[in-house]
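Residues per chain are reported as follows:
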Amino acid sequence: MLPVHSFQREHHPTITSTRKCTIGIRPAARWIGLTSIIFSSLWLFSQIISPRGLLTGPLGPSPPFPQQPTPPDPQADAVGVVGPVKLPRKNQVKDAFLHAYGGYMKHAFPHDELMSNTGKHSDKFLGWGVTLFDLSIRCEFYEALDIVKQHTFEIAKVLPQTVPFFETVIRYLGGLLSAHALSNDPTLLEKANKLATILLPHSIPPQDFPPSPRLCIFAEIASCQMEFKYLAKLTGHAAYYEKAEKVMTRLYEENVPNGLFAEKWLMNGQPSGVHYTAGANVDSGYEYFLKQYLLTGDTKARDQYIKSIEGIINNLIYITPTRNLLYITDETYSIPTHRQEHLACFLPGSLRSLHEWAAEGLASTCWITYADQPSGLGPDMVRMASGERWIDVLSVWREEGGAGVPPGVSDLKPEFDVKKRDYFNSLPSYYLRPETVESIYMLWKTTGDVRWRERGYDIFAALEKHAKTPFGYASLQRVDRAPYFKNDDMPSWFLAETLKYLYLLFDDEDTMDLDKWVFNTEAHPLPVFGWSEMERERYNITY
């Protein structure tokens, strides 16, 4: 089955495993404060530099970007134009969050998510109130804590084989662990430990299962390691570490060509099929290679991350023939589809100094798919004009002297003529997803280029104009044709991630220290930690 973060995520299919993550944060003493219950959701962070230094690889770091003229910095608190009263931009995002959160609490709590057109509710994640676990604000913390203390995490109503392990780990368990780290409240750790003991029998490390025709997907098996390893650190329970690390060991042993992992895997731990992608069903597995290193100093995960990212750049990144749009696609039998999913827009935020050009170019393409639309919001999938491999085009550019801006990195301008875009919308819906604004925030922090702030604000303004409802915010059926009909749905990731990154984009206080915190895939921050000698011996940690 597809994980909920695939392009079908809006349908919330039931799954049996794991899902995606992000990079680091520290408690902010502002309106986003200390999460209610379990949900660290809106904590602020500052820089995106690795706590263990910038990553480098066999190609060495990329040369500096050629200097381009940038507009004057309009300041993070620059007054915007959304709403009847002009407010600083980050306060506008705060008000948007409060509107969405208030609508959920009034009309949907204690159910999972708000149906934002009708004010009704839905239960897609076990009915435990996932939106509340995904986030909250400081003034609600103690009230929410009382709710969590009464939570039993009842799963009697669902079959064991359909427990949504993946989403439950990143949302509920990740939120509990993050809130505990930020508050030091022992109740939260107690609840996290209880939930993990329920989840552990339903996890799916492939090598623990006999040969079977049943398939699992890469993102499911490789995206729970941050949460379970941190829980092992807190509780001393070896099973949490061992279960998560056995999957990693099996993946390392496979030594896949070019560092690219197949989308589907047999339950006996063998890859199945020849479809390779950095989008749906795979994305968070690559993220967690990097984030395990950032969180714990795991050099095995770091080395695999470097190998895999090199493979992605050399095999899956292409450039269109006319606008020179850099895009990441998928391939089957080495044949590219030339489609790009919104989910793949997480990648620029996961790249480091070795791949600055790729990060800049890919993030620009993700943004331009928003800016090109009359709504200002981006489609969930586009089909690109068939281009050449970027690495080949880049080699030619270097051989010819490498003058000017590298191909795929030039400043893009919106194109309103659909025939001149170098792509068409193959899935024109907008699901309030966070990946593009996440990468925009990361590019702002790494480059200091204020154009990223302006681009992010344009997206926020489009959200306010087209996605807002009396109850909250809604996804759109189409972004390229008015009227912009709304779906009756407000996924919890919109509050936990999309609005969080927009707020951080306009905050100048840098209250979240990325040297000390690492986001999981649902944007819940976990603290950077190390292993004692006793723990290293107990868990057989060899890096």
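I will try to describe carefully the structure that is included in this document. (Residues numbered from 1 in each chain as written. Predicted model: local features only at pLDDT ≥ 70, side-chain atom pairs only at ≥ 80, totals over all residues. Heavy atoms only, no water.)

1. Brief notes about the sheet that holds strand S5 (residues 271-272)
Pairing in this open sheet of three strands is antiparallel, and the strands run S3-S4-S5 from one edge to the other. Two strands close off the open sheet at either side, each with one partner strand: strand S3 (215-217) and S5. Bridge count between S3 and strand S4 (residues 264-266): three bridges; the pairing is antiparallel. Paired with isoleucine 217 across the strands is lysine 264, a residue of S4. (Pairing = 2+ DSSP bridges. Helix = DSSP H or I, 4+ residues; strand = E, 2+ residues; numbered from the N terminus.)

2. Observations regarding the pattern of salt bridges
Going through the model one piece at a time under the given rule, you end up with 20 salt bridges. Across the salt bridge formed by aspartate 411 and arginine 455, the nearest N and O atoms sit 3.0 Å from each other. A residue pair is termed long-range when its members are at least 10 positions apart, and aspartate 411 in the loop between helix H12 (390-399) and strand S14 (423-427) and arginine 455 in helix H14 (residues 451-466) qualify at 44 residues. Close ionic contact of glutamate 464 with lysine 468 constitutes a salt bridge, the shortest N to O distance being 3.5 Å. On the basis of relative accessible area, glutamate 464 is assigned to the buried category, the value being 17%. (Salt bridge = Lys/Arg side-chain N within 4 Å of Asp/Glu carboxyl O. Buried < 20%, exposed > 50% of the residue type's maximum accessible area, 1.4 Å probe, protein only.)

3. A look at the environment of proline 321
Looking at the secondary structure, you find proline 321 in the loop between strand S7 (317-319) and strand S8 (326-328). Separated by 101 residues in the primary sequence, proline 321 and aspartate 422 place their C-alpha atoms 7.5 Å from one another. For proline 321, the residues in contact, after removing those within four places along its chain, are Ala385, Ser386, Gly387 and Asp422. (Contact = heavy atoms within 4.5 Å.)

4. Considerations on the nonpolar core
Judged by nonpolar contacts, the single largest core of 90 residues is most densely connected at Leu173, Phe228 and Ile312. With eleven residues, helix H4 (residues 165-183) is the largest single contributor of residues to this core. Contacts of phenylalanine 228, omitting those with residues within four sequence positions, involve Phe165, Val169, Leu173, Ala196, Leu200, Tyr240, Tyr241 and Ala244. Among the nonpolar cores identified, the runner-up in size contains 53 residues, and Tyr370, Leu432, Val437 and Tyr441 belong to it. (Core = buried A, V, L, I, M, F, W, Y, C linked by side-chain atoms within 4.5 Å.)

5. Topic: the state of the cysteines
Each disulfide consists of a covalent bond between the sulfur atoms of two cysteine residues. All chains considered together, the criterion is met by one disulfide. Between the sulfur atoms of cysteine 345 and its disulfide partner cysteine 366 the distance amounts to 2.1 Å. Measuring the twist about the S-S bond at about -100°, one finds the cysteine 345-cysteine 366 disulfide to be left-handed. With cysteine 345 in the loop between strand S11 (339-341) and helix H11 (356-371) and cysteine 366 in helix H11, this pair connects stretches of sequence that are 21 residues apart. Look at cysteine 366 and you get buried, because its relative accessible area is 4%. (Disulfide = S-S within 2.5 Å.)

6. A word on the side chain of arginine 536
Relative to the helices and strands, arginine 536 is located in helix H16 (residues 533-539). The side chain of arginine 536 is buried and forms no salt bridge, while glutamate 533, the nearest opposite charge, is found at 4.6 Å. Not counting residues up to four positions away in its chain, the partners in contact with arginine 536 are Trp531, Ile541, Thr542 and Tyr543. (Lys, Arg positive; Asp, Glu negative; His and termini not counted.)

7. What to know about the sheet that holds S14
Backbone hydrogen bonds are what pair the strands of a sheet, in a parallel or an antiparallel way. A sheet is described by the order of its strands in space; here three strands give the open sequence S11-S12-S14, paired in antiparallel fashion. Sheet topology places S11 and S14 at the edges, where each strand pairs with a single neighbour. When strand polarity is set aside, the average angle formed by the axes of neighbouring strands in this sheet is 30°. Here strand S12 (residues 381-384) pairs with S14 via four bridges, running antiparallel. Among the inter-strand pairings, methionine 381 is bridged to a residue of S14, identified as leucine 427. (Axes fitted to C-alpha atoms, helices over the stretch in contact; angles between N-to-C directions.)

8. Focus on H11
Helix length check: H11 (16 residues) gives 22 Å between terminal C-alpha atoms against 22 Å at 1.5 Å per residue, within 8%. Across the 16 residues that make up H11, a large majority, 15, are buried. (Expected span 1.5 Å × (residues − 1).)

9. Here we look at the packing of H4 against helix H5 (residues 186-199)
Interaxial distance between H4 and H5 falls to 8 Å at its minimum, and their mutual angle equals 160°. Here H4 is positioned roughly antiparallel relative to H5, judged by the angle of their axes. Both H4 and H5 take part in a crossing whose hand is left-handed. The segment H4 lies against H5, with Phe165, Thr168, Val169, Tyr172, Leu173, Leu176, Leu177, Ala179, His180 and Ser183 engaging Pro186, Leu188, Leu189, Lys191, Ala192, Leu195, Ala196 and Leu199. Tallied by class, residues from the contact of H4 with H5 come to 14 nonpolar, three polar and one charged. (Parallel < 35°, antiparallel > 145°, perpendicular 65-115°, else oblique. Left-handed = near helix turned anticlockwise from the far one by under 90°. Nonpolar A, V, L, I, M, F, W, Y, C, P; charged D, E, K, R; others polar.)

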